[in-house]
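In case you want the letters, here they are:
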Amino acid sequence: MKPSAEAGLRATRGLYRSLHTTTAPRAGPTLDSVLENLSPAVSKFGDLVADYGKGSYVWSTDGRKHLDMATGIGVLSTGHCHPRVVAAIQEQAGRMIMAQQNIFPASRPMVDLVERFRDIMPPSLTQYLFVSSGSEAVDNAIKIARSATGRQNVIAFDGAFHGRTYGAMAATTSKTVYRQTFGPLPSGVLAAPYPYCLHCKARAAAGGLGYGLAPNVPGVGADYAGRACCGGPLEALEWMLKMHSAPADTAAILIEPILGEGGFLTPPPGFLDALRVLCDRHGILLIFDEVQAGMARTGTWWSHQQLSAEQPDMLLFAKGIASGFPFAGLAARPQLFQAMSPGMLGGTYGGSTLGCAAAAATIDVIREEDLLGNATARGAQLMRGLLDVASRFPAVVDVRGRGLMVAAELAAADGKLPAPAGLAGRVTAAAGRRDMLLLSAGARETIRFLPPLNVSEEEIDAALSIFEDSLAEAVRECT
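Residues numbered from 1 in each chain as written. Predicted model: local features only at pLDDT ≥ 70, side-chain atom pairs only at ≥ 80, totals over all residues. Heavy atoms only, no water.

J.: Honestly, the layout of surface pockets in this entry has me stumped. Any pointers?
T.: If a probe the size of a water molecule is rolled over the atoms, the empty space left behind becomes visible. By volume, the second largest pocket is sized at about 450 Å³. Where the lining of the second largest pocket is concerned, the elements lending two or more residues are helix H4 (108–120) and strand S4 (127–131). Per element, the largest residue contribution to the lining of the second largest pocket is four residues, and it comes from S4. (1 Å grid on protein atoms, 1.4 Å probe; cavity = no way out; pocket = protein on both sides within 12 Å on 5 of 7 lines; lining within 4 Å. Points joined across faces, edges and corners; volume = space filled by probe spheres on them. Helix = DSSP H or I, 4+ residues; strand = E, 2+ residues; numbered from the N terminus.)

Shown next as structure tokens:
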């Protein structure tokens, strides 16, 4: 990390301390006081009531301090209440809270954000649509793709999570719970196989094809270029275009470059490149959903930059873009909007002044505190630590991801698949009892780590220690 950026990180941590020196633990409301008023259809990972947060920590109303390895499912990119993001929101709230995008086509903070996007977006994506959530971005991307191509079908991938609104939900297959009893879903959305190399029978029969326990990350595992693929997922996609959705009917291929809720899977080398070639051959649009993996999470501004030099036709962003403030959108090639007339897209809260201000401040913090470098360094530390845990616990059978988007897939105590049902949930519950917030991912027994991008070396070490103790407890319970 650059010395100036390291000094910036130290200064930020000092500001965190000064902002909260007068805050003392206090008794507060419990979940029981409001539980009967909350929908039981929203899953709840524990019984905590959040009080306040700073940096990598959250305090609950019972006075406990929790190390946050979940960050709102990857939303709090600069940590809880980064002083510069807080200041940007407070300043903008004092100037103007709402500048509705139909009445005011732009606002001062939107202009500031667009200026920053010009530096970090793929250069071919020069027009933006701002909305409020990742699901809304996905729904609009589908509308744009269908309008621009005159075609109706969209191909997504098995294990994907694109959101909970109806268009996005139709493309979501990470777990059945997100879709069950809600049908019929919108038509014209299909799912192709995503490369899940750990469970690929052809890879195992071929001797591994360069895929092992350690991720293909420099300084952690073997070189990414040395990993190969059986070719099955791409072949299946080609057959889909012959059997399920003719190219002339296919508007777009929608993919998370690194699968998020589905388990933090990274595709083999050349996979995204092959999708670009396939799309160009048939006039199909390629859409990268960077909602969870983007915004510096992997050590580059966008996760696809870890895997390929190819650019998408649309890129979707949300979650970490504004450090926790609800804000989202998409970037697209300008020609994709040419078939649309004014009024076809929109939304009351799109282009929120507060969201734009928070997003601009987030980009400044990431750049000036070198959080790209910190995500790379701390991510490598986390991966090496998980491999060390795996050396003592055969139940850890796969460590994967990029930067600070890291997962560990679990098996039985002897390392054999499948894992006991509920093992990952037992690990996260045990971590919670040790005051660490940790999430599972996907339909298989997988743990995901999503710390703030400015997490410290000491905090990663603490997380690894708690994870190992929690894993030991959970494995004993399942043996």
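J.: Mind showing me how you'd approach empty space enclosed by the protein here?
T.: Counting across every chain of the model gives two cavities of 30 Å³ or more. Considered as a void within the structure, the largest cavity measures approximately 50 Å³ in volume. Lining the largest cavity are Tyr211, Ala214, Pro215, Asn216, Arg227, Thr266, Asp398, Val399, Arg400, Gly401 and Arg402. Roughly 40 Å³ of volume is contained in the second largest cavity. The residue inventory of the lining of the second largest cavity, partitioned by class, reads five nonpolar, one polar and two charged. (Nonpolar A, V, L, I, M, F, W, Y, C, P; charged D, E, K, R; others polar.)

J.: I would appreciate a short explanation of H4 in the present structure.
T.: Given 3.6 residues to a turn, an α-helix orients residues that are three or four positions apart in the same direction. With 13 residues, H4 should cover 18 Å at 1.5 Å per step; its first-to-last C-alpha distance of 19 Å lies within 8% of that length. All of the buried residues along H4 are Pro109, Met110, Leu113, Val114, Phe117 and Ile120. For H4, the arc enclosing every buried residue in end-on projection is 135°, short of the 170-degree limit, so these residues lie on one face. Facing away from the buried surface of H4 by more than 90 degrees, the exposed residues are Arg108, Arg118 and Asp119. On its buried face, H4 is in contact with helix H3 (83–95), S4, strand S9 (314–317) and helix H10 (353–368). (Expected span 1.5 Å × (residues − 1). Buried < 20%, exposed > 50% of the residue type's maximum accessible area, 1.4 Å probe, protein only. Arc of directions from axis to C-beta. Contact = heavy atoms within 4.5 Å.)

J.: What's the story with the sheet that holds strand S1 (residues 50–54) in this structure? I'm lost.
T.: In a beta sheet, neighbouring strands are held together by backbone hydrogen bonds and run either parallel or antiparallel to one another. Reading across the sheet, the four strands line up as S1-S2-S3-S13 and stay open at both edges, with mixed pairing between neighbours. The open sheet has two edge strands with one neighbour each: S1 and strand S13 (436–437). (Pairing = 2+ DSSP bridges.)

J.: Sorry, what's going on with the packing of aromatic side chains here?
T.: Between two aromatic rings, the relevant description is the distance of the centres plus the angle of the planes. Counted by the stated rule, this structure contains 13 aromatic pairs. With 5.2 Å between their ring centres and 65° between their planes, Phe117 and Tyr128 make a pair best called edge-to-face. Pair noted here: Phe117 is in helix H4 and Tyr128 is in strand S4, with a separation of 11 residues, a long-range link. Phe117 sits in the buried class, given a relative accessible area of 0%. For Tyr128, a relative accessible area of 19% gives the class buried. Ring centres 6.3 Å apart and planes at 55° place the aromatic pair Tyr194 and Phe271 in the tilted group. (Phe/Tyr/Trp six-rings, centres within 6.5 Å; stacked < 30°, edge-to-face > 60°.)

J.: Even after reading the chapter, I still don't get the sheet that holds strand S14 (residues 439–440), so can you show me in this structure?
T.: Taken in spatial order, the four strands make up an open sheet running S11-S12-S15-S14, and their pairing is antiparallel. In the strand order of this sheet, the two ends are held by strand S11 (396–402) and S14, each with one partner. Two strands pair when backbone bridges link them, and S11 and strand S12 (residues 405–410) are joined in this way by six bridges, in the antiparallel orientation. Residue pairing in the sheet places Asp398 in a bridge with Glu409 of S12. Along the sheet face, helix H11 (residues 371–392) touches S11, S12 and strand S15 (446–449) and points at about 175° away from the line of S11. The sheet contacts of helix H12 (residues 423–433) involve S12, S14 and S15, and relative to S15 the element is tilted by about 40°. (Axes fitted to C-alpha atoms, helices over the stretch in contact; angles between N-to-C directions.)

J.: Which parts of the structure should I look at to understand the pairing of S15?
T.: Working note: regular strand, side chains alternate between the two faces of the sheet. Of the two faces of S15, the one carrying Thr446 and Arg448 and the one carrying Ile447 and Phe449 are both buried. In this structure, S14 lies alongside S15, joined through two bridges in antiparallel fashion. Bridging from a neighbouring strand, Ser440 pairs with Ile447 of S15. Between the antiparallel neighbours S14 and S15 lie five residues, among them Gly442 with a positive phi of about 75°.

J.: What exactly am I supposed to notice about the confidence of the model for the protein chain here?
T.: Detail in the predicted coordinates should be disregarded across regions flagged by low pLDDT. Per-residue confidence for the protein chain gives a mean pLDDT of 94; residues scoring 70 or more make up 94%. Across residues 15–22 the pLDDT falls below 50, and counting only partners more than four positions away or on other chains, this stretch makes 15 contacts in the model. (pLDDT = per-residue confidence, 0-100.)

J.: Explanation requested: the pattern of salt bridges in the structure shown.
T.: When their charged atoms lie close together, side chains carrying opposite charge are able to pair. What the rule picks out here adds up to 18 salt bridges. Note that Arg116 is salt-bridged to Asp364, the shortest N-O span being 2.8 Å. Taken together, the positions of Arg116 in helix H4 and Asp364 in helix H10 put the pair 248 residues apart, joining distant regions of the chain. One salt bridge connects Asp313 with Arg276, and the closest N-O pair in it is separated by 2.9 Å. On the criterion of sequence distance, the pair formed by Asp313 in the loop between strand S8 (285–289) and S9 and Arg276 in helix H9 (residues 271–282) is long-range, its members being 37 residues apart. Among the charged side chains, a network of salt bridges with common partners joins Arg276, Asp280, Asp313 and Arg333. (Salt bridge = Lys/Arg side-chain N within 4 Å of Asp/Glu carboxyl O.)

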